[in-house]
Amino acid sequence: MEKNTKVILDCDPGHDDAIAIILAASKVSNLKIEAITTVAGNVEVEKNTLNALKVCDIIGLDDVPVAQGSERPLVKEPEIAEEIHGETGLDGPLLPKVPSRKAMETHAVDLIIEKVLESDNDITLVPTGPLTNIAMAMIKEPKIIPKIKEIVLMGGGTFGNWSPAAEFNIYVDAEAAKVVFESGVPIKMFGLDVTHQAIATDDIVNDLSKIDNPIAEFVVELLKFFSQTYKEFFGFEGGPIHDACTVAYLIDPTIFELQHVHVDVETKGEFTYGMTSVDTLGVTKKEPNTHFAYKLDSEKFWNLLTRALESYN
């Protein structure tokens, strides 16, 4: 497939981030990965960077620059999710001990600015971790804001998973999320409402395990670990592949149904910090600023991932 949609993957790998990278780089993808940037989130940014580099090694993605980014949120203290992703951030599968290359010397924020300014308004940002790098880039160089084609992000929802009100990525840096959602850049939001429809049940993992190549085997090992933590912590039937929803949408938008709504990010509430206030009924009368994904075609989603993994043969 022709790689005609330019993206920067801004991530904190993370089992589901790793699967998003694998899907984006597959032969069924129309995405041209301009860069992979990392941010503190699931674990510390140094570990996330190592994980991104190791995933690139595993799938042979040698020509894409990887840059390390923000090591803490804009305002609050860092928060990580070792209990979900393990000490390394990618516990479960056997990973290379040392990646074959190092991250760029350039900071992720500067790389994002550079790539967007040099573009023809045709780069989509795909953040699947906290939005610190994206907000920092907007603050440091506001000229990028009108040049970003769109932002397709994983985060938020009408309910939470890190607090009753807030999803992890937004909770970790709500101030950064507020900057991004108020930037005026077109936003597509893939929050928990839709990502919890992408559950890797035992049956799905068993089906994927029939694909006979090392990349599929790697993904199955990721899913087994991730699914187990979700079963233990949340009582789910498997792990939700949150971050891969963003990439799946860019490859095949017909997988999802979206609604144009206004989203505000709560930064002051005692119990609601990090909440995305999704105005699905239009009660605030505010102009819509986000396309909010609320429904997923499960069969299409898993068929896409299956074909992507098969393409690594």
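Residues numbered from 1 in each chain as written. Predicted model: local features only at pLDDT ≥ 70, side-chain atom pairs only at ≥ 80, totals over all residues. Heavy atoms only, no water.

1. Quick word on the environment of K285
Test applied: Numbered from the N terminus, helices here are DSSP runs of H or I no shorter than four residues, and strands are runs of E no shorter than two. Accessible area is worked out with a 1.4 Å probe on protein chains only. A residue is then buried under 20% of its type maximum, exposed over 50%, and partly exposed in between.
Of note, K285 is situated in the loop between β10 (276–279) and β11 (290–296). With relative accessibility at 73%, the residue K285 sits in the exposed group. Along the chain, K285 and V261 lie 24 residues apart, while their C-alpha atoms are 9.9 Å from each other.

2. Comments concerning helix α7 (residues 174–181)
Helical periodicity: at 3.6 residues per turn, an α-helix aligns residues three or four positions apart in one direction. Operational definition: For this quantity, the arc is that covered by the directions from the helix axis to the C-beta atoms. In what follows, a contact means two residues having at least one pair of non-hydrogen atoms within 4.5 Å.
Along α7, the residues classified as buried are A174, A176, A177, V180 and F181. Buried residues along α7 cover an arc of 155 degrees about the axis, so they all sit on one side. Packing partners of the buried residues in α7 comprise α5 (132–140), β5 (148–154), α6 (168–172), β6 (187–190), β9 (256–265) and β11.

3. A look at the sheet that holds strand β3 (residues 66–68)
Cut-off, in case you're wondering: Any two strands with at least two DSSP-identified bridges between them are counted as paired. Simply put, an axis is a line fit to the C-alpha atoms, just over the touching stretch for a helix, and the angle between two N-to-C directions goes from 0 to 180 degrees.
If you walk across this open sheet you meet the nine strands as β3-β2-β1-β4-β5-β6-β11-β9-β10, and the pairing is mixed. The sheet is open, and its two edges are formed by β3 and β10, each paired on a single side. Taking the axes of each pair of neighbouring strands and ignoring which way they run, one obtains an average angle of 30 degrees across the sheet. The pairing of β5 with β6 spans four bridges and is parallel. Its bridge partner being in β6, V152 is matched across the sheet by K188. Contacts from α7 reach β5, β6, β9 and β11 within the one sheet, and its direction differs from that of β9 by about 115 degrees.

4. Topic: unusual backbone geometry
Along the chain, P13 connects to G14 via a cis peptide bond; the corresponding omega equals 0 degrees. Positive phi values are uncommon outside glycine, yet N121 reaches one of about 60 degrees. One can find N121 in the loop between α4 (108–118) and β4 (123–127). Relative accessible area serves as the criterion here: at 41%, N121 is assigned to the partly exposed category. Phi is positive for K285, which is not a glycine, with a value near 65 degrees.

5. Quick word on helix α12 (residues 298–310)
Operational definition: Each helix should span, by expectation, one fewer than its residue count multiplied by 1.5 Å. In the analysis that follows, any N or O atom pair within 3.5 Å is treated as a polar contact, provided that within protein one partner can donate a hydrogen and the other can accept it, and provided that, for residues neighboring in sequence, both atoms belong to side chains.
The end-to-end C-alpha distance of α12, which contains 13 residues, comes to 18 Å, matching closely the 18 Å that a straight helix rising 1.5 Å per residue would cover. Of all the residues in α12, the buried ones are F301, W302, L304, L305, A308 and L309. Projected down its long axis, α12 shows its buried positions confined to an angular sector of 150 degrees, all on one face. Capping the start of α12 is the job of one residue whose side-chain oxygen sits 3.2 Å from the backbone nitrogen of E299: D297.

6. A short note on the side chain of N133
On the secondary structure map, N133 appears in helix α5. One polar contact links the side chain of N133 to the main-chain carbonyl oxygen of T38, over a distance of 2.9 Å. Ignoring anything within four residues of it in the chain, the contact list for N133 reads D10, T37, T38, V39, G69, S70, H107, A108, V109 and I112.

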